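Structural description and commentary
Here are the chains, one letter per residue:
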Number of protein chains: 2
Amino acid sequence: MKLPKQKLTAVAVGLGLALGSASSAWSASLEEVMKERGLTQKDILAAAKTYTPTGGRDEYLMFSSGGQSGQVIVYGVPSMRILKYIGVFTPEPWQGYGFDDESKAVLDQGKVHGKDIIWGDTHHPAFSETDGEYDGKFLFINDKANPRIAMIDLHDFETKQIVVNPFFKSSHGGAFVTPNTEYVMEAAQYAAPFEDEFVPLEQFNDKYRGGVTYWRFDKKEGRIDPENSFTFELPPYSQDLSDAGKEVSYGWGFTNSFCSERYVGGIERGRPPFEAGCSQKDTDFLHITNWKKAEELVKAGKVKKSKGQYLITMEQAIAEELVFLVPEPKSPHGVDVNPKGNRIIVSGKLDSHAWVYSWEKIQDAIKNKKFEGKDPYGLPIIALKDALHTQVQVGLGPLHTQYDAKECVAYTSIYVDSMVTKWDYCEGKVLDQINIHYNVGHLVTMEGDSKSPDGKYLIALNKLAIDRFNPVGPLHPQNHQLIDISGDKMQLLYDMPLPLGEPHYVVGIKADKLKPAVRYKSGTNTRTNKRSEWATRAGREKVERNCDDQGNCQVHVYGTVIRSHITPEIIEVEEGDKVSIHLTNLERAQDETHGFAMYTHNVNLSMEPGKVSSYSFTADKAGVYPYYCTEFCSALHLEMQGYLLVKPKGYKMETGAMAEGQQYTQADYDKQVKTNLDTQAVIDSVVKFITSHNYKDFAPVVALVEDATEQLGFAADMKKKADEAVAKGDYHNATLWAGQWWQYQVKAADIGLRAKTYLEENGAKKVQ
Amino acid sequence: MKLPKQKLTAVAVGLGLALGSASSAWSASLEEVMKERGLTQKDILAAAKTYTPTGGRDEYLMFSSGGQSGQVIVYGVPSMRILKYIGVFTPEPWQGYGFDDESKAVLDQGKVHGKDIIWGDTHHPAFSETDGEYDGKFLFINDKANPRIAMIDLHDFETKQIVVNPFFKSSHGGAFVTPNTEYVMEAAQYAAPFEDEFVPLEQFNDKYRGGVTYWRFDKKEGRIDPENSFTFELPPYSQDLSDAGKEVSYGWGFTNSFCSERYVGGIERGRPPFEAGCSQKDTDFLHITNWKKAEELVKAGKVKKSKGQYLITMEQAIAEELVFLVPEPKSPHGVDVNPKGNRIIVSGKLDSHAWVYSWEKIQDAIKNKKFEGKDPYGLPIIALKDALHTQVQVGLGPLHTQYDAKECVAYTSIYVDSMVTKWDYCEGKVLDQINIHYNVGHLVTMEGDSKSPDGKYLIALNKLAIDRFNPVGPLHPQNHQLIDISGDKMQLLYDMPLPLGEPHYVVGIKADKLKPAVRYKSGTNTRTNKRSEWATRAGREKVERNCDDQGNCQVHVYGTVIRSHITPEIIEVEEGDKVSIHLTNLERAQDETHGFAMYTHNVNLSMEPGKVSSYSFTADKAGVYPYYCTEFCSALHLEMQGYLLVKPKGYKMETGAMAEGQQYTQADYDKQVKTNLDTQAVIDSVVKFITSHNYKDFAPVVALVEDATEQLGFAADMKKKADEAVAKGDYHNATLWAGQWWQYQVKAADIGLRAKTYLEENGAKKVQ
């Protein structure tokens, strides 16, 4: 086997700097660019560590909350390029999310007290886990404003389910999963009555409550199972973030809190504000919950249901020894269990120390009922000295900790100091610190809260960007900074602006654990993952109109979309009809999405290959409504159009056929056929190029060849129609069908040329 | 003046490769990274040309349509980092867009026939111009689905106005501006009756119409002026993109079209689809409109009004010689006037040639009434030979052309061939070609449609990404490819995924032409740019409740937000009250945005410094509704909370004061004061560091010092309150006020530390 000369050169160039003259010229150019752009050698190294050339792949994919955007953001590491915003709690028209009937059904699950909430305050994403490792199957995320959890299927990166917490009225601390995704944890935040009634603040201590919900997850169905979920009622302490125990602490959950002072503000009445009263004590409470034992009680029928879920009252929790408290540094933000599950780290934003708890000590205290007392609600409190491993001074405003691949090494975000501290939580010493820009909230290391963190990279999720980027008005982007943690010293690599939303937390997974689909089985309702009852095959398109005795009519349009037409192209209904348009994307080719929009109708559908999307409305006004494909899908995309005609009730069509704007003759037909034969010659030459190379070794090219072959099949069908028209002497329609034959040739040529380029750029070899 | 040693080293390192041993070590590391990541020397050069280190600035800012996302996307060149998504036609909660009363008023302008349309299909952004140059003041963008134009003020990157076209039912071809932004052009696309009534397709030729609207723009007011705008009625030809003449062709507009066949599809009835019938003729029509003369007729009162705008009928246009047609290659996409205004380039996606028209020839033909005939509607047609300068074979599927800084050099996107062609339109020859990935739609060069293009960079807006990025499900990101056009040969530098939306066109402006604000004048309604009637100053917060005779009550909350509390913290209303909460952000510090969300209320406000946002609702259900700040604004952000209490109608409060969760003593007070004094010592040391350096030379540090000084002022106020409580022997409240005094110290310390780091990282000098 011989490599072609071109390929050899490429390989040689790839070997680096030590290759003589060509290389020196390169060094000189590099130097010139560095000078011109004011780049240092350190910058070039950072560039080399992050730059990803065309077609390159990222090693990790990050899934970030979008904060108030209500979305999930996906980006790659180390390139720091944002790949997708996934609609979760907020409708998003590009994806058709909240615009097609199928996804509206998902958003409708998220109604609170029957009210539409068309946004969410997403905070903490969590991957599904198997045996404490990310398994790349599902992602969960919470809404703080209206306590909800959403589930995204990583098979297609679509939101499939939203569940509403029946008890809480606020929930910052979700979502966190147990090591086999048995449960998704969600804690209350601002205390409120569990009832949906007015309760005066005077009864705060007695009637306002906090809690933590363990949402049962059915891995097989890929759905949260609310009926088998349970909630711990807890004191009104503003429960916050959680983490599930793992390995030795498997079966337990940890939830921290702030404002255990139970202070109620009222600055308008001359009282000190919440921020003062909620941070006055030196400590808050870490809540330790035994979910494994609670689950057994639930299974044994020993827990009562309330609002459709199991509710474990404080009384029951105390009696069954399910919940324990330990003092923790005040106003903490994050509780983080180490990979082995025997250390739990909590930092308080108003204490410069990270506190490391020992699981062995905590277990001892629980076993020996060694408590320093009870809180006002009767929950047992473990003394700090009976739980603490060590306290380490990590900086001003420590917030969130993640773990390295190296044992005992952790990274903590330092909010007030605007730093990340690398430290040893076994020995209790600081190893390194790096400045970030500015005021870091959460941070993340690769697979950093799993059983086996990867280390390598760390991202600081900064809350302020201030002067880091070109100014874009008073509302600034966020700034995620990528830091290389592979060596002893941390190195800043990249500043990534976040253009939409305020991410709070992000989780990162090795990209090769994800195997997303590129197309759906034809006719899929992608929100249920089942075949749609409205799926339509090519040639089976139809419009059904059924009216009841009162003359109320329902129209169902069974339609399809394919390069470059919507079938049907004309839809006629009567004023007052209820209409549902169902469209199946017939494409199989990767990235061949079609859209659908219509004048004065608040609709955009996004139909990826195989997907069925529906749009239902009442035709409430007679008129003419152009519709069209909203995705630039092909050369004749603009011509992918149609008309909805809403006729006035009882309208009688005047006679008179449509006057064609243009008439075609035999000469036109002959000219078109000549064009088609010329085009076929071009196609043949492209086919010859492809088949004379080892194209079967390139999966993307094989897919393109399949697509092109299909288009040529369509072309042949059109040629038949043209021939039939010629046989009838109808040169007008023969010309038009021959035109359509040519359109399919153009599509085939387009695909073929892409395949040819791919082969040329990827070093395909000539075969005989 | 001496540079500190650290600074000198940095300068030396910046000089590049030829510095001996340190440098060799660097080369070795670089080589290692290249090997590990499989990067070629070409890749490193591309990385060096695009990588932008922390705090670096981009040379150009790009403003891209978001397609079906209904937004505008802002990104930097050459870093290709996305800086902002601007909400335009689609509500976006992170920005509060469509959630606060002020922005709802903007979206309400975009209602069509009284219907809410909460998305848009944005296509072509256009900068405002002065004398044919981008002036960086305003941006316009169209909605194709519901013909509308939106205007974004580049002072703050916010959408301020939406206008609805009264005639069209579809509009792909907008927005394009005349050289002094006298007008914004918007053409119809899919022909439809101008009336909002049912008209059968049989009357397509007679009653369906196209057109082009010239929206008058009032530069002083910064608003489109619909009443002084005019529309040309045109034949039902699917008018498409436009460009305004400039220099020698100033006063004229150019609009192309497709489907001048006036074909009406009907594949469901056995007819060939639109795509065949709309591309059957070899040519469509370029429309040439004389807007300067039309404007004179309007001003002279010679044009009739219809639907609130001036409508120039075809009859009048023919009589007054305002509109002319010239054949153009079929199914074109873009008409592009060169910088001098004497050449007009049109390419048809089904013709491999770009056609270059000569303005001198066209003018001659018009002057001499040299026409080859009339179209079916009586519009004069100039023969191709009397208008054409040359035709150049640029590739299969040419689409859009932009210009280089070098005279006669143009770049055309080639859709079917997936290429960009660089060519000379004077001499008519191809200069270079480069492959893109894949199927490029529009392209853009820097300031490439202005009077003086900058050249330097080109971006290919590819419609398909297929295999370029890590897979993220069936719906793919788009791919914008950055190409270096500074040399003779084009060089691909970067692939940027677009994570949300499908951009159709993007315009790029030199970044230093933009001078966006970082804050608002305190108390601003940012959508009107005027002082809000609800603006509230610190200490003037109040709640007003007024009831009418029927007992219907209206509550207005005049509130404020600042690090870290919302005033008021408790709002009490009665079931049935109409409530408006108005919040003024009191901050002056850059990037100190606060948010506002409330349980079961579909609201998120985004209040940048100085902004007033309002949220109005009916308190329709008694209950407890926590609210909070949604932007992580400070260490005690989570404590920035409050409660809306909706009391049942006629509810009488039981007696009984609130039981405090925690009581504080003199010992607590003394402890807090000690903490505060210790903290003050830290602050003093930071202040000493700052003032002992030349901090006044660093604008960002001066701003931080101002902010910190303000926080220390607040701290002093709190100390006073604590002292007052002590004087009364009220150690409980004295402790809480002392706690709040400390909170302000923490905020000051946070800011001070940021300032110190900035000085350290930016080579500040010790003074004396």
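Scroll up to find the structure this text is about.
My aim in this report is to walk through the structure given alongside it, one point at a time. (Residues numbered from 1 in each chain as written. Chains lettered and ligands numbered in written order. Predicted model: local features only at pLDDT ≥ 70, side-chain atom pairs only at ≥ 80, totals over all residues. Heavy atoms only, no water.)

Quick look at unusual backbone geometry
When glycine is set aside, most residues are seen to have a negative phi, and most peptide bonds are trans. As a reminder, the rule being used: We count a stretch as a helix when DSSP gives it H or I for four or more residues in a row; a strand needs E for two or more, and each element gets its number in order from the N terminus.
Thr567(A) connects to Pro568(A) through a cis peptide bond whose omega is 5°. By the secondary structure assignment, Pro568(A) is in the loop between β38 (565–567) and β39 (570–574). A cis amide bond links Gly174(B) with the next residue in sequence, Ala175(B), at an omega value of 0°. By the secondary structure assignment, Ala175(B) is in strand β8 (residues 173–177). One non-glycine residue with positive phi stands out, namely Asp131(A), at about 55°.

Here's the deal with the pairing of strand β29 (residues 440–446) of chain A
Residues and elements named next belong to chain A. Basically, it comes down to this: Only protein chains enter the accessibility calculation, which uses a 1.4 Å probe. A residue is then buried if its area is under 20% of the maximum for its type, exposed if over 50%, and partly exposed in between. Pairing between two strands requires that DSSP report at least two bridges joining them.
β29 sits mainly inside the fold: 7 of its 7 residues count as buried. In this structure, β29 lies alongside strand β30 (residues 455–462), joined through 5 bridges in antiparallel fashion. Its bridge partner lying in β30, Leu443 is registered against Ala460.

Concerning a positive patch on the surface
Threshold: Here, patches come from residues exposed beyond 30% relative accessible area and free of salt bridges, joined within 9 Å for like charges and within 5 Å for nonpolar side chains (Val, Leu, Ile, Met, Phe, Trp, Tyr). The accessible surface values rely on the Shrake-Rupley method and a 1.4 Å probe; as for residues, cover is taken only from the protein chains in view. A pair is scored as a salt bridge if a Lys or Arg side-chain nitrogen falls within 4 Å of a carboxyl oxygen belonging to Asp or Glu. Think of it this way: Lys and Arg go in the positive column, Asp and Glu in the negative one, and His and the chain ends go nowhere. Working definition for charges: the position is that of NZ of Lys, CZ of Arg, CG of Asp or CD of Glu.
Among the surface-exposed residues, Lys521(A), Arg531(A), Arg537(A) and Arg540(A) lie close enough to one another that they form a single positively charged patch. Position of Arg540(A) relative to the elements: it lies in the loop between β35 (530–531) and β36 (542–547).

Some points on the sheet that holds strand β2 (residues 71–77) of chain B
Residues and elements named next belong to chain B. Filter applied, for reference: In this description, a line fitted to the C-alpha atoms serves as the axis of each element, helices being fitted only across the stretch in contact, and the angle between N-to-C directions of two axes falls anywhere from 0 to 180 degrees.
Taken in spatial order, the 4 strands make up an open sheet running β3-β2-β1-β34, and their pairing is antiparallel. On the outer flanks of this sheet lie β3 (82–87) and β34 (506–510), each paired with one strand and no other. With direction set aside, neighbouring strand axes in the sheet form an average angle of 20°.

Considering the sheet that holds strand β20 (residues 343–348) of chain A
Pairing between sheet strands relies on hydrogen bonds along the backbone, with the strands arranged either parallel or antiparallel. Residue and element names in this part refer to chain A. Put simply, the rule is: The contact criterion used throughout is that any non-hydrogen atoms of two residues lie within 4.5 Å.
Strand order in the open sheet formed by 4 strands is β19-β20-β21-β24, with antiparallel pairing between adjacent strands. Whereas interior strands pair on both sides, the edge strands pair on one side only; in this sheet they are β19 (332–337) and β24 (388–393). Within the sheet, the average angular offset between the axes of one strand and its neighbour, ignoring direction, is 20°. The sheet contacts of helix α9 (residues 359–367) involve β20, β21 (353–358) and β24, and relative to β21 the element is tilted by about 55°.

Re the environment of Val440(A)
Residues and elements named next belong to chain A. Position of Val440 relative to the elements: it lies in strand β29. Classification of Val440 as buried rests on a relative accessible area of 0%. For the pair formed by Val440 and His480, sequence separation is 40 residues and the distance between their alpha carbons is 9.0 Å. Not counting residues up to four positions away in its chain, the partners in contact with Val440 are Leu399, Ser413, Ile414, Tyr415, Met419, Ala460, Leu461 and Asn462.

Overview of the interface of chain A and chain B
Basically, it comes down to this: What counts as buried area is the accessible surface, traced by a 1.4 Å probe, that two parts surrender upon association, with contributions from both included. Here a polar contact means two N or O atoms within 3.5 Å. Within protein one must be a hydrogen donor candidate and the other an acceptor candidate, and residues neighboring in sequence count only if both atoms are side-chain atoms. In this classification, the charged set is Asp, Glu, Lys and Arg, the nonpolar set is Ala, Val, Leu, Ile, Met, Phe, Trp, Tyr, Cys and Pro, and all remaining amino acids, among them Gly, are polar.
Each partner contributes to the interface: chain A provides 236 residues, whereas chain B provides 236 residues. Of the roughly 21,300 Å² buried between chain A and chain B on both sides combined, carbon and sulfur atoms contribute 61%. Along the contact surface separating chain A from chain B lie 10 salt bridges. As a salt-bridge pair, Lys747(A) and Glu275(B) come within 2.7 Å of each other at their nearest N and O atoms. On the surface where chain A and chain B come into contact, there are 102 residue pairs in polar contact (both at pLDDT 80 or more). The element that contributes the greatest number of residues to the side of chain A that touches chain B is helix α12 (residues 731–761) of chain A, accounting for 18 residues. Tallied by class, residues from the side of chain A that touches chain B come to 111 nonpolar, 70 polar and 55 charged.

Focus: the packing of aromatic side chains
Our working definition: Two aromatic rings, drawn from Phe, Tyr or Trp (for Trp, its six-membered ring), form a pair once their centres lie within 6.5 Å of each other, and the interplanar angle then sorts them: stacked below 30 degrees, edge-to-face above 60, tilted otherwise. In our convention, an over-ring charge means Lys NZ or Arg CZ found within 6 Å of a ring centre and within 35 degrees of that ring's normal.
All told, the structure shown has 75 aromatic pairs over all chains when counted by the stated rule. On the basis of an interplanar angle of 85° and a centroid distance of 5.9 Å, the ring pair of Tyr208(A) and Tyr643(B) is categorised as edge-to-face. One end of the pair, Tyr208(A), is in the loop between α5 (204–207) and β10 (210–218); the other, Tyr643(B), is in strand β46 (residues 641–647), on a second chain. The pair formed by Tyr208(A) and Tyr643(B) is uniform in burial state, with each residue classed as buried. Through a chain of ring-to-ring contacts, three or more aromatic side chains come together here, namely Tyr183(A), Tyr214(A), Phe230(A), Phe232(A), Tyr250(A) and Trp291(A). The ring of Tyr60(A) is capped by Lys510(A), whose NZ or CZ atom sits 5.1 Å from the centre of that ring.

Remarks on empty space enclosed by the protein
All names here are of chain B. Counted only if it meets this: Cavities and pockets were defined on a 1 Å grid built over protein atoms only: a cavity is a set of grid points that admits a 1.4 Å probe from which the probe cannot escape, a pocket is an open set flanked by protein on both sides within 12 Å along at least five of seven lines, and lining residues are those with an atom within 4 Å of any such point. Grid points are joined across faces, edges and corners, and a volume is the space filled by probe spheres set on the points.
Put simply, the largest cavity is a space of about 230 Å³. Lining the largest cavity are 24 residues, and of these Phe176, Val177, Asp243, Asp449 and Tyr505 sit closest to its centre. Among the elements of the structure, β4 (126–130), β8, β14 (239–244), β20 (332–337) and β26 (398–403) are those that each provide at least two residues to the lining of the largest cavity. Residue contributions to the lining of the largest cavity peak at 4 residues, all from β14.

What about the relation of the copies chain A and chain B?
The test is simple: The fit set for superposing copies consists of C-alpha atoms from residues with pLDDT of at least 70 in both; the fit itself is least squares.
Mapping chain A onto chain B is achieved by rotating through 180° and translating by 0.0 Å along the same axis, at an RMSD of 0.0 Å. Such a combination of rotation and displacement between the chain copies is what one expects of a two-fold axis. Of the C-alpha atoms belonging to chain A, the one lying closest to the rotation axis is found on Ala47(A), 2.8 Å away. Looking at chain A, 100% of its interface residues are interface residues in chain B too, so the copies touch through the same face.

Considerations on helix α10 (residues 666–691) of chain A
All names here are of chain A. Rule in force here: Take the residue count of a helix, subtract one, and multiply by 1.5 Å to get its expected span.
When the terminal C-alpha atoms of α10 are compared, their 36 Å separation across 26 residues agrees well with the 38 Å that a helix rising 1.5 Å per residue should span. Every buried residue of α10 is listed here: Tyr669, Gln672, Val673, Asn676, Thr679, Ile683, Val686 and Ile690. On its buried face, α10 is in contact with α11 (699–727) and α12.

Some details on the pattern of salt bridges
By the definition in use, this model includes 86 salt bridges over all chains. For Glu572(A), the salt bridge goes to Arg269(B), with nearest N and O atoms at 3.9 Å. You can see Glu572(A) sitting in strand β39 and its partner Arg269(B) sitting in the loop between β15 (252–257) and α6 (274–277), one on each of two chains. Classification of Arg269(B) by relative accessible area gives partly exposed; the value is 44%. Salt bridges sharing common partners tie together Asp156(A), Glu158(A), Lys160(A), Arg527(A), Glu608(A) and Lys611(A).

Thoughts on the state of the cysteines
A covalent bond between the sulfur atoms of two cysteines is what we call a disulfide. Inclusion rule: In this description, the term disulfide denotes a pair of cysteine sulfurs within 2.5 Å.
Applying the stated rule across the entire model yields 6 disulfides over all chains. Two residues, Cys547(B) and Cys553(B), share a disulfide whose sulfurs are 2.0 Å apart. Linking Cys547(B) and Cys553(B), the disulfide has an S-S dihedral of approximately 105° and is accordingly described as right-handed. Overall, the relative accessible area of 43% leaves Cys547(B) in the partly exposed class. Judged by relative accessible area, which is 8%, Cys553(B) ranks as buried. Ordinal numbering of bonded cysteines along chain A defines a disulfide pattern of 1-2, 3-4, 5-6. The thiol of Cys629(A) is unpaired, and the distance to the nearest cysteine sulfur, on Cys633(A), comes to 4.0 Å.

Section: the packing of α11(A) against α12(A)
Residue and element names in this part refer to chain A. Just so we agree on the cut-off: Here the word oblique covers every angle except those under 35 degrees (roughly parallel), over 145 (roughly antiparallel) and from 65 to 115 (roughly perpendicular). Each crossing gets its handedness from the near helix: less than a right angle anticlockwise from the far helix is left-handed, clockwise is right-handed.
Look at α11 against α12: their axes get within 8 Å of each other, and the N-to-C directions meet at 165°. Taken together, the axes of α11 and α12 are roughly antiparallel relative to one another. Crossing of α11 against α12: the hand is left-handed.

What to know about the packing of α10(A) against α12(A)
Residue and element names in this part refer to chain A. Where α10 meets α12, the axes come as close as 9 Å, and the angle between the chain directions of the two elements is 20°. As far as their axial angle goes, α12 and α10 are roughly parallel. As α10 packs across α12, the resulting crossing turns out to be left-handed. A breakdown of the residues in the contact of α10 with α12 according to their chemical character gives 16 nonpolar, 10 polar and 3 charged.

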